[in-house]
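Letter by letter, the chains look like this.
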Amino acid sequence: MAHCYWHDALAGSAAGDVVTLIGEEAHHAAVVSRMRRGERVLVSDGRGVLAEGVIERAEPRAVDVVLHRVEEVAAPRPRIGLAQALAKGDRAELAVQASTELGVDAIVPWQARRSVVQWRGERGDKALERWRRVVREAGKQAIRARLPEVAGVVDTEGLAALAGDWRLVVLDPAAPGSIADVPVDRDVLLIVGPEGGIDPAELERLDAAGAVRARMGDHVLRTSTAGLAGIAALSMRLGRW
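Residues numbered from 1 in each chain as written. Predicted model: local features only at pLDDT ≥ 70, side-chain atom pairs only at ≥ 80, totals over all residues. Heavy atoms only, no water.

The name given to the chain in an unreviewed UniProt entry is Ribosomal RNA small subunit methyltransferase E, with Agrococcus sediminis as the source organism. For the chain, the Function (unreviewed entry) comment in UniProt is given as "Specifically methylates the N3 position of the uracil ring of uridine 1498 (m3U1498) in 16S rRNA. Acts on the fully assembled 30S ribosomal subunit." Within the UniProt record for the chain, the comment given under Subcellular location (unreviewed entry) is "Cytoplasm". (UniProt positions renumbered as here; feature names shortened; annotations may be inferred.)

This is the structure:
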């Protein structure tokens, strides 16, 4: 399988064009992966363009790629989004990484009441940038033409406000209905709570916003795996897989 690299200015490119990887992408290709002239690579802009090409020049600061094929990948409809509650350790980041690999279309960090981790000020900015970097690296590994957008962190009120754009689906092991019964006629945002569960008052607020509660089997899943199971289930129903 060819290596995949990012280039922000692929829009409008065509076969025969030359694009130059710079910075971290060039260093990774030329130094870490030891790519050489004549090797095949894939290049994506993360916004729908995926190109295949051959390396013409490989140096630590600049790698030239001659494009042989350029494809515009349409955005999937309906979209699958993940509202992931902040969690201690690396559990939330694991969910972000794996959901990107599975094909999620949008990620919303959620500052739930029971989240031990707090994103405030400079620490919050750094944490958000970390999530976006995780998405970028996971998208490269998965060879995604489109990266999921990582929104700014929201509280429960901000999450409820998204009901106008998404069908909110709270993953709740005590819910009477199954994920298999959730309508998929519009964009779906899966909501995953923190390790301590979702606060009852938050559940009531999301219910008032029109959220649907859904369970996934008889087992209680952790915050790092619940969203992944939901994405997989919806992907099957939508014919993505």
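Novice: Just to check I follow, could you spell out helix α3 (residues 121-142) for this structure?
Specialist: For an α-helix, 3.6 residues make a turn, and residues three or four places apart therefore share a direction. Given a rise of 1.5 Å per residue, 22 residues ought to cover 32 Å, and the 32 Å separating the end C-alpha atoms of α3 matches this to within 8%. Those residues of α3 that sit buried are Gly124, Ala127, Leu128, Trp131, Val134, Val135, Ala138, Gly139 and Lys140. On its buried side, α3 packs onto β1 (3-6), α1 (23-32), β6 (80-85), α2 (91-102), β7 (106-110) and β8 (149-150). Just downstream of α3, isoleucine 143 is the residue with a positive phi angle, here 55°. (Helix = DSSP H or I, 4+ residues; strand = E, 2+ residues; numbered from the N terminus. Expected span 1.5 Å × (residues − 1). Buried < 20%, exposed > 50% of the residue type's maximum accessible area, 1.4 Å probe, protein only. Contact = heavy atoms within 4.5 Å.)

Novice: Got a minute to help me understand unusual backbone geometry in this structure?
Specialist: Among all residues save glycine, negative phi is the norm, and among peptide bonds the norm is trans. With omega at -5°, the peptide bond leading from arginine 77 into proline 78 counts as cis. Tracing the sequence through the fold places proline 78 in the loop between β5 (62-72) and β6. Residues other than glycine seldom take positive phi values, yet arginine 34 does so here, at roughly 55°. Within the secondary structure, arginine 34 sits in the loop between α1 and β3 (40-44).

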